[in-house]
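One letter stands for each residue in the lines below.
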Amino acid sequence: LNTTVICYDFLRQLFAMKDLGTIQGVPKVLSICGLRDNNILSSGGVSVESSEIVKSCFMYSFYTKEFTQLPSMLIARVRHTIVYVPSMDEVFVIGGFVRFDERTKTVERFNLTTRKWTKTPSMKRERAEAHAIYDSGTNSIYVFGGCLNEEDNRLIECFDIEANYWTILPSALPTPLESKFSHVFSFPKDRESSKIGIISNVPNENVEFDCRSGSVERSTSLNLTCTNGKDVIFTQGPLLVKLSVDALQTPLAFSVTDQTSSVPIPFKNYNI
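Just so it is clear, the model here is predicted, and its values are computed rather than measured. (Residues numbered from 1 in each chain as written. Predicted model: local features only at pLDDT ≥ 70, side-chain atom pairs only at ≥ 80, totals over all residues. Heavy atoms only, no water.)

So, on to the overall build of the protein chain. A tally of regular secondary structure across the protein chain gives zero helices and 24 strands. Taken over 272 residues, the protein chain has a buried fraction of 49%. Contacts spanning at least 24 positions in sequence make up 40% of the contacts within the protein chain whose residues lie at least 6 apart. (Helix = DSSP H or I, 4+ residues; strand = E, 2+ residues; numbered from the N terminus. Buried < 20%, exposed > 50% of the residue type's maximum accessible area, 1.4 Å probe, protein only. Contact = heavy atoms within 4.5 Å.)

What follows is about the pattern of salt bridges. Within the structure shown, the criterion is met by 11 salt bridges. Note that arginine 36 is salt-bridged to aspartate 89, the shortest N-O span being 3.9 Å. Here aspartate 89 lies in the loop between strand S7 (81–85) and strand S8 (90–94) and arginine 36 lies in the loop between strand S3 (31–34) and strand S4 (39–43), a separation of 53 residues in the sequence. The class for arginine 36 is partly exposed, based on a relative accessible area of 39%. Classification of aspartate 89 by relative accessible area gives buried; the value is 17%. (Salt bridge = Lys/Arg side-chain N within 4 Å of Asp/Glu carboxyl O.)

Here the focus is the sheet that holds strand S13 (residues 131–135). Strand order in the open sheet made by the four strands is S13-S14-S15-S16, with antiparallel pairing throughout. In this open sheet, the two edge strands, each paired with only one partner strand, are S13 and strand S16 (165–172). Looking at each pair of strands side by side, their axes are set apart by 25 degrees on average, direction ignored. Across five bridges, strand S14 (residues 140–144) lies against strand S15 (residues 155–160) in antiparallel orientation. (Pairing = 2+ DSSP bridges. Axes fitted to C-alpha atoms, helices over the stretch in contact; angles between N-to-C directions.)

Moving on, we get to the sheet that holds strand S5 (residues 57–61). As a general point, the strands of a sheet are linked pairwise by backbone hydrogen bonds and lie either parallel or antiparallel. An order of S3-S4-S5-S6 is seen for the four strands of this open sheet, with the pairing classed as antiparallel. Among the strands making up the open sheet, the edge pair consists of S3 and strand S6 (67–70). Averaged over all pairs of adjacent strands, the angle between their axes in this sheet comes to 20 degrees, without regard to strand direction. As paired elements, S4 and S5 share five bridges and run antiparallel to each other. Following the sheet pairing, isoleucine 40 is matched in S5 by tyrosine 60.

Secondary-structure assignment places serine 140 in strand S14. We classify serine 140 as buried; its relative accessible area is 4%. A polar side-chain atom of serine 140 sits 3.0 Å from the main-chain carbonyl oxygen of threonine 138. (Polar contact = N/O pair within 3.5 Å; in protein donor to acceptor, adjacent residues only side chain to side chain.)

Tallied over the full model, the rule gives six aromatic pairs. Pairing phenylalanine 92 with phenylalanine 159 gives two aromatic rings, centres 5.9 Å apart and planes at 55 degrees, and the pair type is tilted. On the criterion of sequence distance, the pair formed by phenylalanine 92 in strand S8 and phenylalanine 159 in strand S15 is long-range, its members being 67 residues apart. Summarising the burial analysis for this pair, phenylalanine 92 and phenylalanine 159 share the class buried. Residues phenylalanine 144 and phenylalanine 209 carry aromatic rings whose centres are separated by 6.2 Å and whose planes lie at 75 degrees to one another, so their mutual orientation is edge-to-face. One end of the pair, phenylalanine 144, is in strand S14; the other, phenylalanine 209, is in strand S19 (residues 207–210), and 65 residues separate them in sequence. Look at phenylalanine 144 and you get buried, because its relative accessible area is 0%. Ring pairs connect the aromatic residues Phe92, Phe159 and Trp166, which therefore count as one cluster. (Phe/Tyr/Trp six-rings, centres within 6.5 Å; stacked < 30°, edge-to-face > 60°.)

Counting buried residues along S14, five of its five residues qualify, which places the element largely inside the surrounding structure. Where burial is concerned, the two faces of S14 agree: the one with Ser140, Tyr142 and Phe144 and the one with Ile141 and Val143 are both buried. Relative to S14, S13 runs antiparallel, the two sharing five bridges. Each bridged residue has a counterpart across the sheet, and for alanine 132 the counterpart in S14 is valine 143. Turn length for the S13-S14 hairpin, with the two strands adjacent in sequence and antiparallel, is four residues, and the turn residue asparagine 139 shows positive phi of about 50 degrees.

Nothing here speaks to function; it is geometry throughout.
Below is the structure:
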């Protein structure tokens, strides 16, 4: 399986790529999360040597090109979701497979300062390959999709970090979310509203979730369609960016829209 990670520096307007498979001891089927200062964290996966699910964790810096082995997770897992909370300098590891046919609802967190893992309350549903977003406005983590039961993939789970508690929200998605063919991202439109956008592979099925009010509405501004599981969609300030990649994860093209006006922006070609 390909282990190439793409980093794009908006300030220097440069791509950086790293094949983590060239680092000895790094497992395959990696779960990865971006940190500050162009660092990435990866945990779990499958051992190249034994094909067993592992607990290992590491950090890689695109600036220094240094690889750092971190303390292992409490539970071995694969295809889990990792969320970084900048204000706490912590990552939350959510769900995944603990066996190749067994999803888990367990959650753990890692403090990047103390380098310690802590058990965290479990979700209400077992999930793997789910989408998760941290919203600073509500200081909560929202999880979408990844369930075995199709109807459960309409449910939105919320973890209130201060209360240390998971709840299933009253609002649900209009259709079940297919994790492999969808993208979830956060974009604060103003100070009064923090919203999460959900891009589907089905035309006209994109939705916006308001973290403060808990409302779910079909989107009139998100006109992107997730055509395959290899597209990457994220935000940078007011810009909504869609990065298309090929089978080898090589960047091919950018599509950029200003969220404040929903107008596509010409984006100059970079040396990719």
